[in-house]
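Coordinate inspection notes
What follows is each chain in one-letter form.
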Amino acid sequence: MRTLFFLLFVLTVQHISFAQSSDPAREATDRLILKYNLDTQQAEKAYAIQVRKLKNLAEIEAFASSAPALYHAKKTSIQQGTQASIGRLLNSNSQRALYRQTLSEQRKLRAEKRLAMEAKGEPEATIKAALLDIYLE
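In this text, all values refer to a predicted model and were calculated from it rather than measured experimentally.

**What to know about the overall build of the protein chain**
When its secondary structure is counted, the protein chain shows 7 helices and 0 strands. Traced from its N-terminal end to its C-terminal end, the protein chain shows the element sequence α-α-α-α-α-α-α. In the protein chain, buried positions account for 29% of the 137 residues. Sequence separation of at least 24 residues holds for 56% of the intrachain contacts in the protein chain that already meet a minimum separation of 6. Entry remark: accessible area of the protein chain is about 8,800 Å², with carbon and sulfur atoms responsible for 58%.

**Some remarks on the environment of E122**
Relative to the helices and strands, E122 is located in the loop between α6 (93–119) and α7 (124–132). Residues in contact with E122, not counting those within four places in the same chain, are M117 and I127.

**Digging into the side chain of Q83**
With respect to the secondary-structure elements, Q83 resides in helix α5 (residues 68–89). In terms of polar contacts, Q83 uses its side chain to reach the side chain of Q106, at 2.9 Å. Setting aside anything within four residues of it in sequence, one finds Q83 in contact with Y99, L103, Q106, Y135 and E137.

**Structural notes on the packing of aromatic side chains**
Applying the stated criterion to the full structure yields 0 aromatic pairs. Sitting above the plane of the Y47 ring, R26 keeps its charged end 4.1 Å from the centroid.

**Details of the packing of helix α2 (residues 24–36) against helix α3 (residues 40–60)**
Running from amino to carboxyl end, α2 crosses α3 at an angle of 135°, the nearest separation of the two axes being 8 Å. One way to sum up the angle between α2 and α3 is to call them oblique. Both α2 and α3 take part in a crossing whose hand is right-handed. Across from P24, A25, R26, A28, T29, L32 and I33 in α2, the residues of α3 making contact are A43, A46, Y47, Q50, V51 and L54. Partitioned by chemical class, the residues of the contact of α2 with α3 number 10 nonpolar, 2 polar and 1 charged.

**Side note on the pattern of salt bridges**
Should the charged atoms of two oppositely charged side chains come close, the side chains can pair. If you walk through the whole model with that rule in mind, you get 5 salt bridges. With its nearest N and O atoms 3.7 Å apart, the salt bridge here joins D133 to K75. Here the residue D133 occupies a position in the segment after α7, and K75 occupies one in helix α5, the gap between them amounting to 58 residues. The exposure class assigned to D133 is exposed, which follows from its relative accessible area of 58%. Since its relative accessible area comes to 15%, K75 is described here as buried.

**Let's talk about the side chain of E137**
Among the secondary structure elements, E137 is positioned in the segment after α7. Residue classification places E137 among the buried positions, given a relative accessible area of 12%. A distance of 2.5 Å separates the side chain of E137 from the side chain of Y36, its partner in a polar contact. In this structure, E137 is in contact with L32, K35, Y36, K53, Q83, I86, Y99 and T102, ignoring residues within four places of it in sequence.

The rules behind each value
- Residues numbered from 1 in each chain as written.
- Predicted model: local features only at pLDDT ≥ 70, side-chain atom pairs only at ≥ 80, totals over all residues.
- Heavy atoms only, no water.
- Helix = DSSP H or I, 4+ residues; strand = E, 2+ residues; numbered from the N terminus.
- Buried < 20%, exposed > 50% of the residue type's maximum accessible area, 1.4 Å probe, protein only.
- Contact = heavy atoms within 4.5 Å.
- Areas by Shrake-Rupley, 256 points an atom, 1.4 Å probe, with all protein chains shown as cover.
- Polar contact = N/O pair within 3.5 Å; in protein donor to acceptor, adjacent residues only side chain to side chain.
- Phe/Tyr/Trp six-rings, centres within 6.5 Å; stacked < 30°, edge-to-face > 60°.
- Lys NZ or Arg CZ within 6 Å of the ring centre and 35° of its normal.
- Axes fitted to C-alpha atoms, helices over the stretch in contact; angles between N-to-C directions.
- Parallel < 35°, antiparallel > 145°, perpendicular 65-115°, else oblique.
- Left-handed = near helix turned anticlockwise from the far one by under 90°.
- Nonpolar A, V, L, I, M, F, W, Y, C, P; charged D, E, K, R; others polar.
- Salt bridge = Lys/Arg side-chain N within 4 Å of Asp/Glu carboxyl O.

Nothing here speaks to function; it is geometry throughout.
What follows is the structure, given as structure tokens:
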């Protein structure tokens, strides 16, 4: 079993190192595989999650300029849904602990960014847009 995990890890590292992939879903999945040490089944599900996230983001891109409030609401929903899906995917205690730590770090970064922007007197819409750019999955 350890040999299988080691082989999966080596193949993943090789894929990341040598492949010049233009598939953003695959690249995001590879980062998740390395970060959480995902097994093969988890990797397949993670790829499906990333494909769905990118498809959903592409569908709402038109709202970025025409309806910014709607765009931000939908992007927030997509981010939360993706993170929840990743959380359900993880099955070991170490994976879940790392996931909780990642979410905690994201909240911390967003809080710091909010405080800094509020101190500068930035409008709320600008703050919300900047906070959405802080996404750690």
